[in-house]
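Fold and contact review
Read off the chains here:
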Amino acid sequence: MNADGRTRLNQTPEWTALAKHREELGEVQLRELFAGDPGRGSGYTLRVGDLHIDYSKQLVTDETLALLRELAAATGVFGLRDAMFRGERINITEDRAVLHTALRAPRDAVIEVDGENVVPAVHAVLDRMADFAERVRSGDWTGHTGRRIRNVVNIGIGGSDLGPAMAYEALRAFTDRDLTVRFVSNVDGADLHEAVRDLDPAETLFIIASKTFTTIETITNATSARTWLLDALGDEAAVAKHFVALSTNAEKVAGFGIDTANMFEFWDWVGGRYSYDSAIGLSLMIAIGADRFREMLDGFHLVDEHFRTAPAEANAPLLLGLLGVWYGNFHDAQSHAVLPYSHYLSKFTAYLQQLDMESNGKSVDRAGRPVEWQTGPVVWGTPGTNGQHAYYQLIHQGTKLIPADFIGFARPVGELSEELRAQHDLLMANFFAQTQALAFGKTPDEVRAEGVAEELVAHKTFRGNHPTTTILARELTPSVLGQLIALYEHKVFVQGAIWDIDSFDQWGVELGKVLAKRVEPALTEGAEVPGLDASTKALVATYRELRGR
Ligand code: F6P
């Protein structure tokens, strides 16, 4: 039994039915599925807002989808979804509500946490952010010496970096090109060095983004940034004009020396990896302006509403989540590739890695018992067509099953020249060709028909049958980006709900943090660290020897 009295996932009749169905389907071929249903190409599609989602090239039949939906119903996905939207404390190990959906709720919405409507506070912070962002953009907010701010450096890590950094790249075409916006996350000093080396401190604003304001990487970089600034401007008072904080922790912000009047707050019911549409998005808002930021939030909200209200058969996040369960749990797929055919989405998959892997990289259920089924996949990928000339070989002809999402757009964005705009069709020709090749491959007979020598036929044969989802939109606007992210957020939610894990904690990152703190004196002072294992001890000794001081 589960904590809530339900039967454990792998003992439910719905799970057994899926396992049996998988066996019966065997190595079902996409070629056969398409031959048997001429309407499959348009029938196996969904429309959500601006997103056209085609799942016809998935190894599923109507029966598979029906069985998967039954699994979702039996595992209480919809009940948990409603509890999340209502603000219940579904993050059980941290005893917190999970309300990133409130960050994009309209002004007149009412969402209560412990009897208090949180929506007015969300909009109050958004309004303050908008006011500040517009002051920076217009030149009204100046640095300590009265010079205009021309550079914005966001210092944060994980959810306090990946979201705004990804979205800044994604929406580059909508940014103020007179502003330089950079993101520093790594505690490797090279990151901050490279980010500021060509910047004028008098024109640079640092945004210190940290939910807890205790994260060692961020606080270390923020401290070094302050030194860099004060070395140039020579006056402690400069901090007030050059540093703002995004955090839930006013006390720590004040302790660091940032005036809390320059702090933009969010709340413990916003998970780090779900936070970029909170105050954590300030750097993005400065780059694209408050109106565009709000368009993005509206895109998120559109998909939130879809997820909350659409029937199961037409519910896109549910579908994507169920497909992941189908491959992870019934085909032993270990990974999931996300392959955007947009240069602007170069950081999209890296962002999804945290969203998905930090959420669903769990091996105990909500009651703390080991799970007896696979949970979150390894998420990976980079923009096409670059991947085509690197790792697609393995997807096409390797031994692993790698389900993939292909994301593309009908039009390029930005001020491209005629010639560069024309390249878009070539980009998208690759996009369509790849999913076609992955699905239908090339049979030995087709290879022979091309006159290929017999000894090369096996090498030139493409088995095909590699499942893909195609997500197509007209263009990559702020709203479309919001829609895409919300789609994946809720997909991750669906999977976590089915696997009966807490998708909103991240205890797995703690041990490394503690050990780093413990081992640091061994590196810096050569201190004897009690309990250090022999391997690490030897490595530290080698490190000190190589370092030479
Ligand atoms: O170490 C993991 C983590 O807690 C992430 O979940 C979070 O996004 C990141 O660290 C940064 O945390 P903070 O915003 O508190 O600095």
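Here the structure is shown first, and the text comes after it.
Residues numbered from 1 in each chain as written. Predicted model: local features only at pLDDT ≥ 70, side-chain atom pairs only at ≥ 80, totals over all residues. Heavy atoms only, no water.

Examining the environment of His389
Operational definition: Numbering goes from the N terminus for both helices and strands, where a helix is a DSSP run of H or I of at least four residues and a strand is a run of E of at least two.
Note on placement: His389 falls in the loop between β11 (378-380) and α16 (392-397). Each C-alpha atom, one on His389 and one on Asn10, is 40 Å from the other, the two residues being 379 residues apart in sequence.

Some details on the packing of aromatic side chains
Operational definition: Each Phe, Tyr or Trp ring (for Trp, its six-membered ring) is paired with any other whose centre lies within 6.5 Å, and the angle between the two planes then decides the class: stacked below 30 degrees, edge-to-face above 60, tilted in between. The cut-offs for exposure are 20% and 50% of the maximum accessible area for each residue type, with area from a 1.4 Å probe on protein chains only; residues under the lower value are buried, those over the upper are exposed, and the others partly exposed.
Counted by the stated rule, this structure contains 25 aromatic pairs. Pairing Tyr341 with Phe431 gives two aromatic rings, centres 5.2 Å apart and planes at 70°, and the pair type is edge-to-face. Taken together, the residues Tyr341 in the loop between β10 (335-340) and α15 (348-360) and Phe431 in helix α17 (residues 418-440) connect sequence positions 90 residues apart. Look at Tyr341 and you get buried, because its relative accessible area is 0%. Look at Phe348 and Tyr488: their rings are 5.9 Å apart centre to centre, the planes differ by 75°, and that puts the pair in the edge-to-face class. Of the two residues, Phe348 sits in helix α15 while Tyr488 sits in helix α20 (residues 478-499), which places them 140 residues apart along the sequence. Judged by its relative accessible area of 0%, Phe348 is buried. What makes Tyr488 buried here is its relative accessible area of 3%.

Section: the sheet that holds strand β8 (residues 243-247)
Rules: Here, any two strands with at least 2 DSSP bridges between them count as paired. Axis definition: a line fitted to C-alpha atoms, limited for helices to the stretch in contact. Angles are taken between N-to-C directions and run from 0 to 180 degrees. Between two residues, a contact is recorded if the distance between any of their heavy atoms is within 4.5 Å.
Read from one edge to the other, the open sheet built from five strands follows the order β6-β5-β7-β8-β9, with strand pairing classed as parallel. The outermost strands of the open sheet, each flanked by one partner alone, are β6 (180-184) and β9 (263-265). Within the sheet, the average angular offset between the axes of one strand and its neighbour, ignoring direction, is 20°. Taken together, the five bridges between strand β5 (residues 151-155) and β6 define a ladder with parallel strand orientation. Of the residues in β6, the one forming a bridge with Asn151 is Thr180. Along the sheet face, helix α8 (residues 189-196) touches β5, β6 and β7 (204-209) and points at about 175° away from the line of β6. Contacts between helix α9 (residues 216-233) and the sheet are confined to β5, β6, β7 and β8, with β7 contributing the most and set at about 160° to the helix.

Observations concerning α15
The line we're drawing: The span one expects for a helix is its residue count, reduced by one, times 1.5 Å.
When the terminal C-alpha atoms of α15 are compared, their 18 Å separation across 13 residues agrees well with the 18 Å that a helix rising 1.5 Å per residue should span. All of the buried residues along α15 are Phe348, Thr349, Tyr351, Leu352, Gln354, Leu355, Asp356, Ser359 and Asn360. Taken together, the buried residues of α15 touch α7 (162-170), β10, β11, β12 (404-409) and α20.

As for the side chain of Asn465
For Asn465, the position within the fold is in the loop between α19 (454-460) and β13 (468-473). Judged by relative accessible area, Asn465 falls into the buried class, the value being 5%. If sequence neighbours within four positions are ignored, Asn465 has contacts with Glu27, Val28, Gln29, Leu30, Leu59, Leu438, Ala439 and Phe440.

A few points about unusual backbone geometry
Backbone torsion omega between Gly384 and Thr385 reads 5°, so that peptide bond is classified as cis. In this fold, Thr385 is placed in the loop between β11 and α16. For Asp332, which is not a glycine, the phi torsion comes out positive at approximately 60°. On the secondary structure map, Asp332 appears in the loop between α14 (316-330) and β10. Of the residues examined, Asp332 reaches a relative accessible area of 58% and is grouped as exposed. The backbone of Asn465 shows a phi angle near 65°, a positive value even though the residue is not glycine.

What to know about the nonpolar core
To keep it simple, the criterion reads: Residue types Ala, Val, Leu, Ile, Met, Phe, Trp, Tyr and Cys, when buried and joined through side-chain atoms within 4.5 Å, form a set referred to as a nonpolar core.
Counting residues in each nonpolar core, the largest one holds 128 residues, and the members touching the most others are Trp269, Tyr276, Ile286, Phe348, Leu481 and Ile498. Among the elements that make up this core, the one with the highest residue count is α20 (13 residues). Listed in part, the 24 residues of the second largest apolar core include Val153, Val196, Leu229 and Met263.

With respect to the site of the ligand
As a reminder, the rule being used: Any residue with at least one heavy atom within 4 Å of a molecule or strand is counted as near it. Between N or O atoms, a polar contact is any pair within 3.5 Å; within protein, one atom must be a potential hydrogen donor and the other a potential acceptor, and residues adjacent in sequence are included only when both atoms are from side chains. Under the convention used here, a 1.4 Å probe and the Shrake-Rupley method define accessible areas, while residue burial counts only the protein chains that appear. A pocket, in this scheme, is an open set of points on a 1 Å grid over the protein atoms alone with protein on both sides within 12 Å along at least 5 of 7 lines, while a cavity is a set where a 1.4 Å probe fits but cannot get out; residues line either one if an atom lies within 4 Å of a point. By definition, a pocket or cavity contains a molecule when more than half of the molecule's atoms lie within 2 Å of the pocket's grid points. Any residue that is not Ala, Val, Leu, Ile, Met, Phe, Trp, Tyr, Cys, Pro, Asp, Glu, Lys or Arg is counted as polar, Gly included; the first ten are nonpolar and the last four charged.
Taken together, 14 residues lie around the ligand, and Ser160, Ser210, Thr212, Thr215 and Glu358 are the ones closest in. One nitrogen or oxygen atom from the side chain of Ser160 is found 2.6 Å from an oxygen atom belonging to the ligand. Between the ligand and Gln354 there is a distance of 3.2 Å, counted from an oxygen atom to a side-chain nitrogen or oxygen. With the chains in place, 88% of the 390 Å² that the ligand exposes on its own is no longer accessible. When atoms are counted within 2 Å of each cavity's grid points, the one that captures over half of the ligand is the largest pocket. Considering only residue class, the shell around the ligand consists of two nonpolar, nine polar and three charged.

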